[in-house]
Amino acid sequence: MERIREALERARGERAKTGLGFGGSKGNVHSIMKVPEVIERIQYTQTKSIDVPKKLLRENRIVSGFDQGSYTDAFKLLSTQVLQKMRTNNWNVLAVTSPGENEGKSLTAINLAISIAQEVDQTVLLVDADLRHPSVDKMFGLKPKVGLSDYLMSDTPLEEMLIHPGIGGFVILPGGKPLQNSSEMLRSPKMVRLVKELKSRYPSRIVIFDLPPLLSAADALAFAPFVDAALLVVEEAKSKTEDITRAASLLGSTHLIGTVLNKSLEPDTIIDKSAGILKQLFKKKGH
C-alpha cells in the first residue's frame, strides 16, 4: 500500500503544478455549496422498471443487497464526500475509471451511484460508457436489447434505453452492443450533445459515467474533457505505481476529485483528509 500512497502523492504534486490538484478546481475554492431542495420521490411512468432480486444484488456485491453495515457505510461515506465536492463546485457529471483492467471501477461506480441516489434530494443516472466491455447491465442480471451504442449508431431514443432497477432515484443507461471504434464514438458530436442534455435535463441529478480503464484504450482520455470531474479506482497489490501516476496525469483535462483504493489489505476504512485525497479502503474480497 505504501507504493500506492507514494504514487498518489507524486501524482498530486504533478497535478498541483497545473493549478488543478486533487479535488480542486480552477474556480473559486470559496464558492458556496449549493444543496438542492428536497425533491418528491419520483414515480417512473415512462422509464422501464425492473425489480432485481436482493440475492443477486448481494452476490454481485451491490450495496442495495446488503443491510446497513461497514460495507454500505464505506460507500455512504464515499458518496457523501463526492457529493460535497460536486455541490461545492456546481458539478453534476462524474467519470469513474481506473488505470488498468479489473480493478473494480464498474462496481465502485454502481455502488457510488446507488449510495447517492438514496439521498432524499438526489437522483442518479449511471451511464455504462465502457463500450468495449459493457458490464453494468450484467451486474443487475439485465438483458437490455438496446443501449448507448445503439443511440450513437442508430439514433435509438433515449427513453427506450433507460432502466430503473427498483432502487430509489437510480436509473441505468446500459452500454448496449460492444463497439470497436468506441473512442471515436465517445468524442463524437452526438455524444457531446447527449452529455449536455443529460447534464441539464434535471437539476437534482448526478450523472456518472463508467469509463474504460485509462491505460488500455483511448476512450477515457478522449471523453474526460466532457465531464466535470473524475474518480480513479486503484487496486492494492495490483495497480502499479507508475500506472497510477500515468493515469492521474492523463486526467489533466478534468478535475480528479479523489482515488478509491480497492481490495485493501487493511480491514478498516480510512479517509485521509490531511492529504485532501478522498480515499476508501475496502476489504480484500470486495471488488
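Residues numbered from 1 in each chain as written. Predicted model: local features only at pLDDT ≥ 70, side-chain atom pairs only at ≥ 80, totals over all residues. Heavy atoms only, no water.

A closer look at the overall build of the chain
Rule in force here: Helix and strand labels come from DSSP, where a helix needs a run of H or I of at least four residues and a strand needs a run of E of at least two; each type is numbered from the N terminus. Exposed residues in this analysis have more than 50% of their type's maximum accessible area, buried residues have under 20%, and partly exposed residues fall in between, with area computed by a 1.4 Å probe over protein chains only. Whether two residues are in contact is decided by their heavy atoms: any pair within 4.5 Å suffices. Note on areas: Shrake-Rupley with a 1.4 Å probe; residue coverage comes only from the protein chains shown.
From N to C terminus, the chain includes 10 helices and eight strands. The proportion of buried residues among the 287 residues of the chain is 57%. Sequence separation of 24 or more characterises 76% of the internal contacts of the chain that already satisfy a separation of 6 or more. Of the roughly 13,000 Å² that the chain leaves accessible, carbon and sulfur atoms contribute 52%.

Some points on the confidence of the model for the chain
Formally: A residue's pLDDT is simply how confident the predictor is in it, with values from 0 to 100.
Per-chain confidence: the chain averages 82 in pLDDT, with 77% of residues scoring 70 or above. In this model, residues 269-278 is a region of pLDDT below 50 whose contacts with residues beyond four sequence positions or in other chains number 27 contacts. Segment residues 280-287 is flagged for pLDDT under 50; beyond a separation of four residues in sequence, or across chains, it makes 41 contacts in the model.

Here we look at the packing of aromatic side chains
Spelled out, the test is: Each Phe, Tyr or Trp ring, with Trp reduced to its six-membered ring, pairs with another whose centre is within 6.5 Å; inter-plane angles below 30 degrees give stacked pairs, above 60 give edge-to-face pairs, and intermediate values give tilted ones. Here, over-ring charges are defined by two tests on the NZ atom of lysine or the CZ atom of arginine: distance to the ring centre within 6 Å, and angle to the ring normal within 35 degrees.
Tallying each qualifying case throughout the model produces five aromatic pairs. Between Phe223 and Phe226, the ring centres sit 5.9 Å apart and the planes meet at 65°, which makes this aromatic pair edge-to-face. Through a chain of ring-to-ring contacts, three or more aromatic side chains come together here, namely Phe66, Tyr71 and Phe75. A cation over an aromatic ring shows up here: Arg61 above the ring of Tyr71, its NZ or CZ 4.5 Å from the ring centre.

Notes on the packing of helix α3 (residues 70-88) against helix α4 (residues 105-117)
Our working rule: The axes are straight lines fitted to the C-alpha atoms, using for helices just the contacting stretch, and the angles between their N-to-C directions are given from 0 to 180°. Each angle is binned into one of four classes, with values under 35 degrees roughly parallel, values over 145 roughly antiparallel, values of 65 to 115 roughly perpendicular, and all other values oblique. For this classification, Asp, Glu, Lys and Arg are treated as charged, while Ala, Val, Leu, Ile, Met, Phe, Trp, Tyr, Cys and Pro are nonpolar and the rest, including Gly, are polar.
One way to put it is that α3 packs onto α4 with a least axis distance of 8 Å and a crossing angle of 75°. Overall, the two elements α3 and α4 adopt an arrangement that is roughly perpendicular. Mapping the contact onto sequence places Tyr71, Phe75, Lys76, Leu78, Ser79, Val82 and Leu83 in α3 and Leu107, Thr108, Asn111, Leu112, Ser115 and Ile116 in α4. For the contact of α3 with α4, a count of residues per class yields eight nonpolar, four polar and one charged.

Side note on the pattern of salt bridges
Rules: A carboxyl oxygen of Asp or Glu within 4 Å of a side-chain nitrogen of Lys or Arg is what we treat as a salt bridge.
Under the counting rule described, the total for this entry stands at 11 salt bridges. As a salt-bridge pair, Asp210 and Lys105 come within 2.9 Å of each other at their nearest N and O atoms. Here Asp210 is found in strand β6 (residues 205-210), whereas its partner Lys105 is found in helix α4, with 105 residues between them in sequence. Residue Asp210 shares its accessibility class with Lys105, and that shared class is buried. The salt bridge involving Arg132 is made with Asp219; its shortest N-O contact spans 3.0 Å. Here Arg132 is found in the loop between β3 (123-128) and α5 (136-139), whereas its partner Asp219 is found in helix α9 (residues 219-223), with 87 residues between them in sequence.

Some thoughts on the side chain of Ser115
Within the secondary structure layout, Ser115 lies in helix α4. A relative accessible area of 2% places Ser115 in the buried class. What Ser115 contacts, discounting residues up to four positions off in sequence, is Val63, Phe75, Lys76 and Ser79.

Let's talk about the pairing of β3
Counted only if it meets this: At least two DSSP bridges between two strands are needed for those strands to be called paired.
Among the six residues of β3, six are classified as buried, and the element is accordingly described as predominantly covered. Covered by surrounding structure in β3 are Thr123, Leu125 and Val127 together with Val124, Leu126 and Asp128, the residues of both alternating faces. Note that β3 and β6 share six bridges and pair parallel. When the sheet's bridge partners are listed, Leu125 is paired in β6 with Val207. Where β3 and strand β5 (residues 170-173) come together, four bridges link them in parallel fashion. In the sheet register, Val127 faces β5, and the bridge partner there is Leu173.

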